[in-house]
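# Coordinate analysis (summary)
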Amino acid sequence: MAATLGLSPVLGLAHGSPAEAREAEVGEPEVRTTTSTWDFEGDARDSVGERHGESLPGVRYSDGSAHFSGRDDSEIRLPFDRHLEPGDGGWRLEVSDVVPGPRTGAHQAIVTSRAVNQGWALYIMPSGELRFWSRVAGQSAWEQLSTGVTVRQGASYDVGITWAPGAVDIQVRGDVSRDLTLDLAMPVINDGSGPVRVGNGGDRGSEFFYNGSIGAVSLSATPRTDPWSHCAPDGASEATVPVVTPPDPAVLDRPGPTDEISRLSLEAAHNANRYVSTTYWDERFADEPGERINLAQRLGNTEYAMRGPAMAAVSTAILVATGAYDPADTGVSEAEARDRVVRLVSSAAAEHRANDPGGWGPEARLWQSSLWAYYNGFAAWLLWDDLSQEQQACVVNMVVLEADDMPDPAYYRDADGVIIRPGNTQAEENAWRSSLSGLAGLMMPDAGNSARWRGDALDLALAAWATPEDVTSSEVVNGRRLDDLLDGSNVWSDGTVENHDLMHPIYMLAFDQNVNNALAQQLTGQLPAAAYLRNVDLTYSALVDLEFPSPPWLPPGGTIYVPGEPTIHYPDGNDWGTTFPLYFAQADVIADGYGIGDGLSAPPGEWAGLHLQAAVDLQNRFADGHTYLDTTESNYRLREERTAQIAAHTYLTRFMNAGTSQCLTNRPFTTPTTDPLLGELEIAEEIIGSDPAAELPAELTAEVREGLDRIAEARQRGRDRVVAAAVRDLQLLLAGADDGASVIGELREAVGSAATCALDLPIRLEAPDRSRPGAQIVAGLTGALADTEYVLVVEDHRGRITELGRIQTAADGAGVATVRLPERPRAGAVTLRAGAGGSAAETRIRLRHIG
């Protein structure tokens, strides 16, 4: 039967020799195919002389075929070669002159490339049916493709199986012939832990024995001629990429902080990245010559295949983007480090379902995939100009599909307080989903669905860290009224979290994935939304000061943070291991950077020093900077990649927030505005247009609107001095208005937030520059201390000082007072001063007598 199929290889580009080729058409790249054929005419030699097989004693050769006895020692082992595995441009398996013996009542493996939960196999089923099996990325079970052919003892069959992305063609020729095309998503290839086996099968090659003979086996594989072609819309030769707004260069170009917490954060990040850049890369990717790397096809567990490289990539990307990458430490140039990030993130994106119909994701069908997409997307966004247009298209498509197909918020308990997922909070899932949605909205602020993505990010974040009390709260956070938004809760009232059937401190730290959104906002120059830090203070307080007496909790009882030590107490146990100081250090740096932790027994900065030093001490045990000695310390398979990601995000948090008092915004995000000042003033715009504002005097309403318009126009024209003056004028206008109306207080808060958080306004005293002696004047303060009483005095040219009255500022640091000037002097200049402790301002008034 061999002549029927001819053992003809598919055509394509080869990774290396030996190979066969066809002549390329004009304008095409040369197309080559890597091929090996084993004709079993007395041995298992490869016809091209490179990949000779090994026959075990139970194999017998005669009549141009290998004969298998159905025993464990009856097997031919062909050397594994990743270039002969499916997963690139195309792949073909041909098996000729298959003559089955009697049925054994079990599966019979004709030829397989199986390792544990990986690879492919051609079987005769117990029923006698011929069936092709393949593991598929993102799928827990084997895909079984039936040929519909039941083989007959003693009959001869030729089988050809051709895979191209998304589909497989199967040909069977014999006493029954069949041609069929079936869907087949992204195959999970043998990772090299086992050979290709002929006549034997199973994950370990110790089962599924074949009873019969085989004439020959051929394997051919074709790499992609264009690794990114599927990312171009409608198959266009050039990708049309939606407009992406990268991070603000001015934010990333700032000098790195040098305080002790920052130094330790950077040391931990450098150590972890040294491991990622050396040992990790050398073991996993050093033999990958092409610009695109198969990722999802490497392992049956798609999390391990996709999440690990994504976390490694984001570790390097953060250091490079912030100017903190150290080529002397890693031995890898910055140019090479950038290239590695680009290869990893664009390869992962190209394998996503958005770009490959058989690929991984999105979150609605593959749990956790939006987290992997976030890591890859964030790393790509940080180094956006390093990606080609086609690679950018791959990343955009991935982020867009994940954001468009985002599940609704999920809950541990429902709105009535009934636990609906016992032992399994949904806080972490909601938080990582929020990260992806937030990234999409920031990357592509003008995209059609951007407003929805921004809204999803806020909704998911609030649901992630919602307590039972939030479900009935009328509080409005970033335009969301909690009792209208929330259908349940995920965090206990004391800030603790239950997961894996434990009160789990590790999962109490998952608020870091909400904070990813805050960091991304800051990278675009925006103020971070309050929703992304909501209830973090509650959970952080529980880590530091909440008591867990023993019993009922595990001995010795006490708090999760052990006073004065880096040790962590797990009151209910920890199923991940024993040693996670860097995880908790990230929480400390978040709390310190965003002003969380007032009134605790020890401040976040103190805990950060303890936990960071403990993390660095663990890393310093090893020359390559990795953290863990064994699975006792951490049993997570991706523990080193996760450590590198946490270390980098910890440093980024410090880079963005060290030495600052970070403001949070409560703006509703109803527009794509990224300017922090105009974003804050959107709150004032909404207030002045609300029903309660209709009760204000029409003249005041008009003046407020005019002030807001003046600020917006000056901001858009880049007239900073006019902006500052207009903001001060608006503050003083509101400070002098009748504060009996609550809407005035809301307006003052909104404009004050803009002045305080988006502008650097020093204290200033306003008064008429000309007046007459004894006149009544209005004096106003802006940029002053909040809620402070200032003494207002006047000093004449003789040095005589007269107290005129007091100015009381509100929370916005603004206040006005009406005072009367002294009758003398009758002319000349006087100095008006306002002071409260070390805070003071003054202005000059020229006096002249008016008859």
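Read on for an overview of the structure. (Residues numbered from 1 in each chain as written. Predicted model: local features only at pLDDT ≥ 70, side-chain atom pairs only at ≥ 80, totals over all residues. Heavy atoms only, no water.)

## Quick look at the packing of aromatic side chains
- The final tally for this structure, using the stated rule, is 25 aromatic pairs.
- Note on Y651 and F655: the rings are 6.1 Å apart at their centroids and 45° apart in plane angle, and the pair reads as tilted. Here F655 and Y651 lie together in helix α17 (residues 639–657), a separation of four residues that amounts to about one turn.
- Overall, Y651 belongs to the buried group, its relative accessible area being 2%.
- Put simply, the rings of Y540, Y561, Y570, F584 and W607 pair up and form one aromatic cluster.
- Above the face of the W492 ring, R413 is positioned so that its terminal group lies 4.2 Å from the ring centre.
- We note R667 situated over the ring of F669; from NZ or CZ to the ring centre the distance is 4.2 Å. (Phe/Tyr/Trp six-rings, centres within 6.5 Å; stacked < 30°, edge-to-face > 60°. Helix = DSSP H or I, 4+ residues; strand = E, 2+ residues; numbered from the N terminus. Buried < 20%, exposed > 50% of the residue type's maximum accessible area, 1.4 Å probe, protein only. Lys NZ or Arg CZ within 6 Å of the ring centre and 35° of its normal.)

## Focus on the packing of helix α9 (residues 427–443) against helix α13 (residues 512–523)
- Two elements in contact, α9 and α13, have axes whose closest approach is 7 Å; the angle formed by their N-to-C orientations is 15°. Here α9 is positioned roughly parallel relative to α13, judged by the angle of their axes. Classified by chirality, the crossing of α13 by α9 is left-handed. Mapping the contact onto sequence places E428, A431, W432, S434, S435, G438, L439 and L442 in α9 and Q513, N514, N516, N517, A520 and Q521 in α13. (Axes fitted to C-alpha atoms, helices over the stretch in contact; angles between N-to-C directions. Parallel < 35°, antiparallel > 145°, perpendicular 65-115°, else oblique. Left-handed = near helix turned anticlockwise from the far one by under 90°. Contact = heavy atoms within 4.5 Å.)

## Quick notes on the sheet that holds strand β29 (residues 815–820)
- Strand order in the open sheet formed by three strands is β24-β26-β29, and the pairing between neighbours is antiparallel. On the outer flanks of this sheet lie β24 (764–766) and β29, each paired with one strand and no other. Across the sheet, the mean angle from the axis of one strand to that of its neighbour is 25°, orientation sign disregarded.
- Summarising the sheet, strand β26 (residues 776–782) and β29 pair through six bridges and their orientation is antiparallel. Bridging from a neighbouring strand, G780 pairs with V816 of β29.
- Packed onto the sheet, helix α20 (residues 720–735) meets β24, β26 and β29 and runs at close to 120° relative to β26. (Pairing = 2+ DSSP bridges.)

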